Amino acid sequence: MFVDDVLVASPRDFGYFGEVLGSGRYAPWREAASQAKFRADLTRMIDLILAGRKEEVSREHAGDSASLRAVAALPRVALHDLDGKPIAAEDLANRVVLVEFWATWCVPCRSTLQWLGDLKQKYGDRLAILALAVESPEPQVRTAVASLSRDLHWAITDAATAQAFGDITAVPTLFLFDRAGKAQTVRYGAPPGLHEEVTQILDKLIEP
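Residues numbered from 1 in each chain as written. Predicted model: local features only at pLDDT ≥ 70, side-chain atom pairs only at ≥ 80, totals over all residues. Heavy atoms only, no water.

A. Here's a closer look at helix α1 (residues 32–50). In this model α1 runs 27 Å from its N-terminal to its C-terminal C-alpha over 19 residues, within 8% of the 27 Å that 1.5 Å per residue would give. Residues of α1 that are buried include every one of S34, F38, L42, M45, L48 and I49, and no others. Summarising the axial view, the buried residues of α1 lie within an arc of 125°, below the 170-degree limit, and thus occupy one face. Of the residues in α1, the exposed ones pointing more than 90 degrees away from the buried face are A32, A33, R39 and L50. On its buried side, α1 packs onto β1 (2–3) and α2 (54–60). Directly after α1, the chain includes G52, whose backbone phi takes a positive value near 80°. (Helix = DSSP H or I, 4+ residues; strand = E, 2+ residues; numbered from the N terminus. Expected span 1.5 Å × (residues − 1). Buried < 20%, exposed > 50% of the residue type's maximum accessible area, 1.4 Å probe, protein only. Arc of directions from axis to C-beta. Contact = heavy atoms within 4.5 Å.)

Structure follows, in structure tokens:
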């Protein structure tokens, strides 16, 4: 969550995907006390920024913007596509890798997944895209994927795999890694500028 352009809370603060009780500042989120704490903190951040004290907020949350520390490099995970075939390391080697966590019940995910197909068409073999469904029944995943690009690596993943990437409590969540497997950015949700911002990063990572 951003106030202006300052990240004041990330999914980590509300717990981890697949855990009953998270370990973040506002976990367990379902408890009234946690929600009250978040509301108070958010109100304070907004008040500070409106008062012209944005730098103070930035300093206070400087560590939050380093959420990539939880996943500095592309995790080594065992994945199988929807046909049961393993997604081999060679499929990702020497390529920029985009990993998208999504769910069939996530409305914003639909347009994002269609956009990923456009990215794959634009960059071809220079870009590998893993579209990983979470908390979604297989029949529904197959139905959704049927009308989307088959050039993506589609797979259904579990909580353990999602946790290897760190903060997965919301979908869509997008991770981008360079050719060496080093993390470049992570984006939560589907804000209006997502497509343009990620495309700009990809243009720099992928040579024409």
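Structure's up, so let's keep going.
B. Spatial organisation of helix α4 (residues 138–145). Buried within α4 are the following residues: V141, A144 and V145. Each buried residue of α4 sits inside an arc of 95° when the element is viewed along its axis, so together they form one side. Seen from the open side of α4, the exposed residues pointing more than 90 degrees away from its buried face are P139 and T143. Buried-residue contacts for α4 involve β3 (96–102), α3 (107–123), β4 (127–133) and β5 (153–156).

C. Main features of the environment of L174. Within the secondary structure layout, L174 lies in strand β6 (residues 173–177). Overall, the relative accessible area of 2% leaves L174 in the buried class. In sequence terms L174 and G189 are 15 residues apart; their C-alpha atoms lie 8.1 Å from each other.

D. Representation of the side chain of T185 in the model. When you line up the elements, T185 lands in strand β7 (residues 183–188). Only 2.9 Å separates the side chain of T185 from the side chain of R187, close enough to count as a polar contact. (Polar contact = N/O pair within 3.5 Å; in protein donor to acceptor, adjacent residues only side chain to side chain.)

E. Spatial organisation of the side chain of S34. Along the polypeptide, S34 turns up in helix α1. Those residues within four positions of S34 in sequence are excluded, and the remaining contacts are Y26, A27, P28 and W29.

F. Highlighting the packing of aromatic side chains. Taken as a whole and judged by the stated rule, the model has 6 aromatic pairs. Both rings, one in F101 and one in F165, keep their centres 5.1 Å apart while their planes meet at 75°; by these two values the pair is edge-to-face. Separated by 64 residues along the polypeptide, F101 in strand β3 and F165 in the loop between α5 (159–163) and β6 bring together distant segments of the chain. Owing to a relative accessible area of 0%, F101 belongs among the buried residues under this scheme. F165 sits in the buried class, given a relative accessible area of 1%. When the ring of F165 is compared with that of F177, the centres are 6.4 Å apart and the planes differ by 65°; the resulting orientation is edge-to-face. Of this pair, F165 sits in the loop between α5 and β6 while F177 sits in strand β6, placing them 12 residues apart in sequence. Each member of the pair F165 and F177 is classed as buried. Connected via pairs of aromatic rings, a cluster forms that spans F101, F165, F175 and F177. (Phe/Tyr/Trp six-rings, centres within 6.5 Å; stacked < 30°, edge-to-face > 60°.)

G. Focus on the pairing of β3. Here β3 lies mainly inside the structure; 7 of its 7 residues are buried. Covered by surrounding structure in β3 are V96, L98, E100 and W102 together with V97, V99 and F101, the residues of both alternating faces. Strand direction decides the pairing type here: β3 and β4, joined by 7 bridges, are parallel. In the strand pairing of β4, V99 is matched with L130. In terms of handedness, the path from β3 via α3 over to β4 forms a crossover that is right-handed. Sheet analysis places β3 next to β6, joined by 5 bridges and oriented antiparallel. By the bridge assignment for β6, V97 is matched with F177. (Pairing = 2+ DSSP bridges. Right-handed = clockwise from strand over helix to strand, strands pointing away.)

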